[in-house]
Amino acid sequence: MMKISFKTVITCPDCGFVSEELMDVTESVSCYHCRQCDSLIVTPAGECCVYCSFGDTPCPSSQLRLSTVSNNPTKQ
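Residues numbered from 1 in each chain as written. Predicted model: local features only at pLDDT ≥ 70, side-chain atom pairs only at ≥ 80, totals over all residues. Heavy atoms only, no water.

1. Some details on the environment of Glu20
Part 1 of the argument: One can find Glu20 in strand 2 (residues 18–22).
Part 2 of the argument: Using a relative accessible area of 54% as the deciding quantity, one classes Glu20 as exposed.
Part 3 of the argument: Each C-alpha atom, one on Glu20 and one on Gly55, is 8.9 Å from the other, the two residues being 35 residues apart in sequence.
Part 4 of the argument: Look past the residues within four positions of Glu20 in its chain and what remains in contact with it is Lys7, Thr8 and Val9. (Helix = DSSP H or I, 4+ residues; strand = E, 2+ residues; numbered from the N terminus. Buried < 20%, exposed > 50% of the residue type's maximum accessible area, 1.4 Å probe, protein only. Contact = heavy atoms within 4.5 Å.)

Next up, the structure:
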């Protein structure tokens, strides 16, 4: 069983500031305010959340999806 990480390091696409964050596990986070430049970082269309788009670790729900897919390969 894969260990789920609840921390990620988000990198601001505007100023490059990096910040370690604890990911919300109850809902998808679609925007984030940079602590340095105060830019509003918004999830790009079609992407899961700011953690998956701008973090170094995907959100917990994406981690679960990825572990399920890798543990259950489809038969051909």
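2. Observations regarding the environment of Gln36
Part 1 of the argument: The residue Gln36 is located in the loop between strand 3 (31–33) and strand 4 (40–42) in this model.
Part 2 of the argument: The spatial distance from the C-alpha of Gln36 to the C-alpha of Phe17 is 6.6 Å, given a sequence separation of 19 residues.
Part 3 of the argument: Once you skip the residues sitting within four places of it in the chain, Gln36 turns out to touch Cys15 and Phe17.

3. Some words on the pairing of strand 2
Part 1 of the argument: Residue alternation in strand 2 divides its side chains into a buried set, Ser19 and Glu21, and an unburied set, Val18, Glu20 and Leu22.
Part 2 of the argument: Relative to strand 2, strand 1 (residues 7–11) runs antiparallel, the two sharing five bridges. Note that in strand 2 the partner of Lys7 across the bridge is Leu22. (Pairing = 2+ DSSP bridges.)

4. Focus on the side chain of Ser39
Part 1 of the argument: Along the chain, the position of Ser39 falls in the loop between strand 3 and strand 4.
Part 2 of the argument: For Ser39, a relative accessible area of 17% translates into the label buried.
Part 3 of the argument: Engagement of the side chain of Ser39 in a polar contact is seen with the side chain of Asp14, the distance being 2.8 Å.
Part 4 of the argument: When residues no more than four places from it in sequence are discounted, the contact partners of Ser39 are Asp14, Tyr32, His33 and Cys34. (Polar contact = N/O pair within 3.5 Å; in protein donor to acceptor, adjacent residues only side chain to side chain.)

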